[in-house]
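Breakdown of the fold
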Amino acid sequence: MQAFLIYMKLKIAVQKSGRLHDDSIQLLNDCGLRVRNGHNQLKSNAEDFPAEVYFLRDDDIPQYVEDAVAHIGIVGENVLFEKDKAVDVVEQLGFGKCRLSVAVKKDETYTDVSFLNGKRLATSYPNLTQKFLADNGVNAEIHEISGSVELAPGIGLADAVCDLVSSGSTLFMNGLVEVQTVLKSQAVLIKSKQLDTTVEQFLAQLLFRIRAVKKAANNKYVLLNAPNDSLQKIISLLPGMKSPTVLPLAQEGWSSVHSVLSEHEFWEKIEQLKAAGAQGILVIPIEKMII
Ligand code: PRT
Ligand code: ZN
């Protein structure tokens, strides 16, 4: 039994190459699973953790996880929902953000979704596009193409596209404007529905680390000097993980205050701290955060 456990591994599917590859490997590395870049490999053993990483095309990952060939996988929600496989979403990972959107030629007058009635839509996401059209009571013709969807209106293949967008520059360069968001997407961790108890334990360990890494990325460590007569005001602005650490400075009447600030309220709080008399504010990234 013991020997069996030693050889049990969490099998993790990540994109072999492409937009999600680097962030997926970085996340695993940040979680202490040292994974070698898989450009010329199909799979690789993680060092320092009982895991094996499979390098796959992103479109194949949901099926591998449904079949439990891979226990877990990292994939965009766009691919996951398009493929509609029987897997569970464990965690949103905060990278690979994009949206699936409808775009039309820039000289069209688009008022609302009914514009698409009777039109031809080019997409690599036929299922999501069909669902969007049905939900909005629109009857349009879907042309499924696997790449360079943005070229379709220009060559007369379609009147509109339903494609992934991040900065929007690809649409702009092809004379298209985004008119409707169908889905907002980011990379997610998915898992097989039936996992062995030992594998579930490995996953729980990994998830604990992923959450610590994500939390750290969303927070900053802040150190500042405060005149003692402003200390109460400054402390009230800095809740910290429990409450801020306050240490006396060598200079009479001053203290050093240490705390943690979340990324989304960071700039606003810094301004308030300065206004309350804080000086010498240092902001330091946090590597891991465990509460
Ligand atoms: O080979 P494989 O099948 O694994 O990869 P792929 O070519 O199918 O996918 P890949 O590597 O291009 O993208 C993988 C995942 O990254 C997608 O499924 C999304 O979840 C996510 N993602 C995030 C994106 C984008 N941002 C994105 N901008 N996927 C594609 N794009 C395309 C977009 O469609 C446009 O053509 O990138 C181009 C540039 O976008 P703009 O708007 O910045 O100009
Ligand atoms: Zn793909």
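Throughout, residues of each chain are indexed from 1 in the direction in which the sequence is written. As they are written, the chains are lettered A onward and the ligands numbered 1 onward, keeping that order. This being a predicted model, a pLDDT of at least 70 is required before a residue's local features are given, and a value of 80 or more before pairs of side-chain atoms are given or counted; all residues contribute to the totals for chains, interfaces and linings. Heavy atoms throughout the structure, all of them, feed into the side-chain values; hydrogens and water do not.

1. What to know about the nonpolar core
Going by this rule: By convention a nonpolar core is built from buried Ala, Val, Leu, Ile, Met, Phe, Trp, Tyr and Cys residues, the set being connected through side-chain atoms within 4.5 Å. Only protein chains enter the calculation, and the probe is 1.4 Å; a residue is then buried if its accessible area is under 20% of its type maximum, exposed if over 50%, and partly exposed in between. Where helices and strands are cited, they refer to DSSP runs of H or I of at least four residues and of E of at least two residues respectively, numbered from the N terminus. The contact rule is simple, with two residues in contact once any of their heavy atoms fall within 4.5 Å.
L10, I12, L33, L189 and L206 are the most contacted members of the largest nonpolar core, which totals 31 residues. Breaking this core down by element, the ones donating at least two residues are β1 (10-15), α2 (21-30), β3 (51-56), β4 (72-76), β11 (187-191) and α7 (197-217). In terms of residues, this core owes the most to one element, α7, which gives seven residues. With sequence-adjacent residues up to four places away left out, L206 is seen in contact with L10, I12, L28, C31, L33, F49 and I72. Listed in part, the 29 residues of the second largest apolar core include L80, L133, V138 and V188.

2. Brief notes about the pairing of β11
For a regular strand, the rule is simple: side chains alternate between the two faces of the sheet. As a reminder of what qualifies: A pair of strands is considered paired only if DSSP assigns at least 2 bridges between the two.
Most of β11 is tucked away, with five of its five residues classed as buried. With burial as the criterion, each face of β11 is covered, one bearing A187, L189 and K191 and the other bearing V188 and I190. With four bridges joining them, strand β5 (residues 88-92) and β11 adopt antiparallel strand pairing. Bridge pairing in β11 places D88 opposite K191.

3. Focus on the site of ligand 1
To be explicit about the condition: Throughout, the term near means that a residue has one or more heavy atoms lying within 4 Å of the molecule or strand in question. Identification of polar contacts relies on pairs of N or O atoms within 3.5 Å, with a donor-acceptor requirement for protein atoms, meaning one able to donate a hydrogen and the other able to accept it, and with residues adjacent in sequence counted only if both atoms are side-chain atoms. Under the scheme applied, nonpolar residues are Ala, Val, Leu, Ile, Met, Phe, Trp, Tyr, Cys and Pro; charged residues are Asp, Glu, Lys and Arg; polar residues are all the others, including Gly.
Near ligand 1 you find 22 residues, and of these D59, N78, L164, S167 and T170 are the closest. S167 is positioned with one of its side-chain polar atoms (N or O) 2.6 Å from an oxygen atom of ligand 1. Within the residue set of the shell around ligand 1, elements represented by two or more residues are α4 (77-83), β9 (160-165) and α6 (169-173). Broken down by element, the shell around ligand 1 gets its largest block of residues, three residues, from β9. Of the residues belonging to the shell around ligand 1, the class tally is five nonpolar, 11 polar and six charged.

4. Things to note about the domain arrangement of the protein
The following threshold applies: Domain start and end points were adopted from an automatic or database domain assignment. Two parts placed together each lose some accessible area under a 1.4 Å probe, and adding up what both lose gives the buried area. For this document, the term salt bridge refers to a Lys or Arg side-chain nitrogen within 4 Å of an Asp or Glu carboxyl oxygen.
Domains assigned within the protein are domain 1 (2-96 + 186-216), domain 2 (98-185) and domain 3 (219-285). Using only C-alpha atoms to locate each centre, domain 1 and domain 2 end up separated by 31 Å. Facing the eight residues of domain 1 at the interface are nine residues of domain 2. Contact with domain 2 buries surface across domain 1, with N78, F81 and E82 losing the most and accounting together for 73% of the total. Linking domain 1 to domain 2 there are zero salt bridges. Applying the counting rule to domain 1 against domain 2 returns six residue pairs in polar contact (both at pLDDT 80 or more). When residues in the side of domain 1 that touches domain 2 are grouped by element, the largest group, five residues, is from α4.

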